[in-house]
Amino acid sequence: MTPWVKRLLIANIVMFFLQQTLPVYARYLVLYPDMYLLVRMPWTLITYMFLHGSFMHIGFNMLVLFFFGPRIEARLGSRHFIWLYMLSGVAGGVLSIILSPAAIIGASAATYGVMFTFARFWPHERIYIWGVLPVEARMLVIIATVASLWGGFGVWGSGIAHFAHLGGFVGAWLYLKWMERNAPSRKFRERATPGIPKGRSEAADLRRWATIPRDELHPLNREEVERIYQKIETSGVRSLTIEERASLDRFSRETG
């Protein structure tokens, strides 16, 4: 088990038992949908994540953390993992305050952020629900999103912080985007790869790339060119990375 996963498991379990023995103090750790109370007790955006309403509640959240957390912490590193976990929880709390009138407790937003991150890196990994039903990680996130939307708008599941779950997804997504944008490897590639010439139009790029002799390319190169063209058709020229533009320029018969 990785360091922060272990610490979070211990912290949540300890806080749960303290909550049961000293309930009068737990109310100062709950996140209330009241901006006045939030200003007076800003720590509740963090502390609410370490309280739970029942053994089933904490059991589910800790199970998610236990199964998904170690691989993510190993992939991202401990520092990024704990930031992702905490910011997912904070984002869930903020969204719940905005959209829900109920006070909330629980690590669900944070663990949903962990679940989202797992699906982001290993989308086709099979998760066995109840140890029997196989579901791909990406489908698990889609199902959880639909269920949270339905529940959040009152279709089912009253008493559950559905918007906090969605906020956890959003927080994790934003943090991963920030990580990708600030990754040292990306900055190195941007410095090492020639930039897109100023004044170059999309139409000129497409005309030049149309000269690529696909039939004469090595099968692997042809497959890469076709993949990039499919991306252009679905997302447009602006969606291409510098590396993808450079690949098309390299195979083109005309110079840019």
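For the structure, see preceding data.
Here the structure is a predicted model, which is why all the values come from computation and not from measurement. (Residues numbered from 1 in each chain as written. Predicted model: local features only at pLDDT ≥ 70, side-chain atom pairs only at ≥ 80, totals over all residues. Heavy atoms only, no water.)

Peer 1: I'd love a proper account of the overall build of the protein chain, names of residues and values included.
Peer 2: When helices and strands are counted, the protein chain shows 13 helices and 2 strands. Counting only residues that meet the buried cut, the protein chain has 40% of its 256 residues in that class. Across the protein chain, the fraction of contacts at a sequence separation of at least 24, relative to all contacts at a separation of at least 6, is 66%. In the form shown here, the protein chain has an accessible surface area of approximately 15,100 Å², with 64% of it arising from carbon and sulfur atoms. (Helix = DSSP H or I, 4+ residues; strand = E, 2+ residues; numbered from the N terminus. Buried < 20%, exposed > 50% of the residue type's maximum accessible area, 1.4 Å probe, protein only. Contact = heavy atoms within 4.5 Å. Areas by Shrake-Rupley, 256 points an atom, 1.4 Å probe, with all protein chains shown as cover.)

Peer 1: Before we move on, can you summarise the environment of S239 with the specific residues and values?
Peer 2: On the secondary structure map, S239 appears in the loop between α12 (219-235) and α13 (242-251). Relative accessible area serves as the criterion here: at 26%, S239 is assigned to the partly exposed category. S239 has contacts with K231 and E244, leaving out every residue within four places of it along the chain.

Peer 1: Residues and numbers for a nonpolar patch on the surface, please.
Peer 2: A contiguous nonpolar surface patch, about 780 Å² in accessible area, is contributed by I10, V14, L18, L22, V24, Y25, Y28 and W43. Elements represented by at least two residues in the nonpolar patch include exactly α1 (3-21) and α2 (23-26). It is α1 that contributes the most residues to the nonpolar patch, 3 residues altogether. Mapped onto the fold, L18 is located in helix α1. For L18, a relative accessible area of 40% puts it in the partly exposed group. (Patch = residues over 30% accessible without salt bridge, like charges linked within 9 Å, V, L, I, M, F, W, Y side chains within 5 Å. Salt bridge = Lys/Arg side-chain N within 4 Å of Asp/Glu carboxyl O.)

Peer 1: How would you explain the nonpolar core if you had to name every residue and give the values?
Peer 2: Formed by 49 residues in total, the largest nonpolar core has its most connected members in L65, F68, I72 and Y85. Elements represented by at least two residues in this core include exactly α1, α5 (55-76), α6 (78-99), α7 (108-121), α8 (137-152) and α9 (162-182). With residues near it in sequence (within four places) discarded, L65 still touches V5, L8, L9, P70, F81, Y85 and T111. The next biggest cluster of nonpolar side chains, apart from the first, holds 11 residues, and it includes I212, V225, I228 and I232. (Core = buried A, V, L, I, M, F, W, Y, C linked by side-chain atoms within 4.5 Å.)

Peer 1: Tell me about the pattern of salt bridges, residues and numbers included.
Peer 2: If you walk through the whole model with that rule in mind, you get 11 salt bridges. Among the charged side chains, a network of salt bridges with common partners joins D205, R208, R245 and D249.

Peer 1: Help me get a handle on the packing of α12 against α13, residues and values and all.
Peer 2: In contact at an axis separation of 10 Å, α12 and α13 are set at 125 degrees when each is read in the N-to-C sense. Relative to α13, the element α12 lies oblique. Regarding α12 and α13, the two cross each other, and that crossing is left-handed. The segment α12 lies against α13, with N221, V225, R227, I228, Y229, K231 and I232 engaging E244, S247, L248 and F251. Of the residues in the contact of α12 with α13, the class split is 6 nonpolar, 2 polar and 3 charged. (Axes fitted to C-alpha atoms, helices over the stretch in contact; angles between N-to-C directions. Parallel < 35°, antiparallel > 145°, perpendicular 65-115°, else oblique. Left-handed = near helix turned anticlockwise from the far one by under 90°. Nonpolar A, V, L, I, M, F, W, Y, C, P; charged D, E, K, R; others polar.)

Peer 1: Can you lay out the pairing of strand β1 (residues 126-129) for me, pointing to particular residues and giving the numbers?
Peer 2: Here is the key point about a regular strand: its side chains alternate between the two faces of the sheet. Here 4 bridges tie β1 to strand β2 (residues 133-136), and the two strands are oriented antiparallel to one another. Residue pairing for β2: I127 is matched across the bridge by V135. (Pairing = 2+ DSSP bridges.)

Peer 1: Please provide a residue-by-residue account of α1, values included.
Peer 2: Taking 1.5 Å per residue as the helical rise, α1 with its 19 residues ought to reach 27 Å, and the 27 Å between its terminal C-alpha atoms agrees with that figure. Along α1, the residues that are buried comprise V5, L8, L9, N12, F16 and Q19. Seen along its axis, α1 keeps its buried residues to an arc of 100 degrees; they face one direction. Looking at the buried residues of α1, the elements they touch are α2, α5 and α6. (Expected span 1.5 Å × (residues − 1). Arc of directions from axis to C-beta.)

Peer 1: So what's going on with the packing of aromatic side chains? Which residues, and what values?
Peer 2: Taken as a whole, this structure holds 10 aromatic pairs when the rule is applied. Between F118 and W122, the ring centres sit 5.0 Å apart and the planes meet at 45 degrees, which makes this aromatic pair tilted. Relative accessible area serves as the criterion here: at 18%, W122 is assigned to the buried category. Above the plane of the ring of W122 lies R75, whose end atom (NZ or CZ) is 5.9 Å from the centre. For the cation-ring pair, R214 lies above Y229, with the distance from its terminal atom to the ring centre recorded as 4.2 Å. (Phe/Tyr/Trp six-rings, centres within 6.5 Å; stacked < 30°, edge-to-face > 60°. Lys NZ or Arg CZ within 6 Å of the ring centre and 35° of its normal.)

On their own, these measurements won't tell you what the molecule is for.
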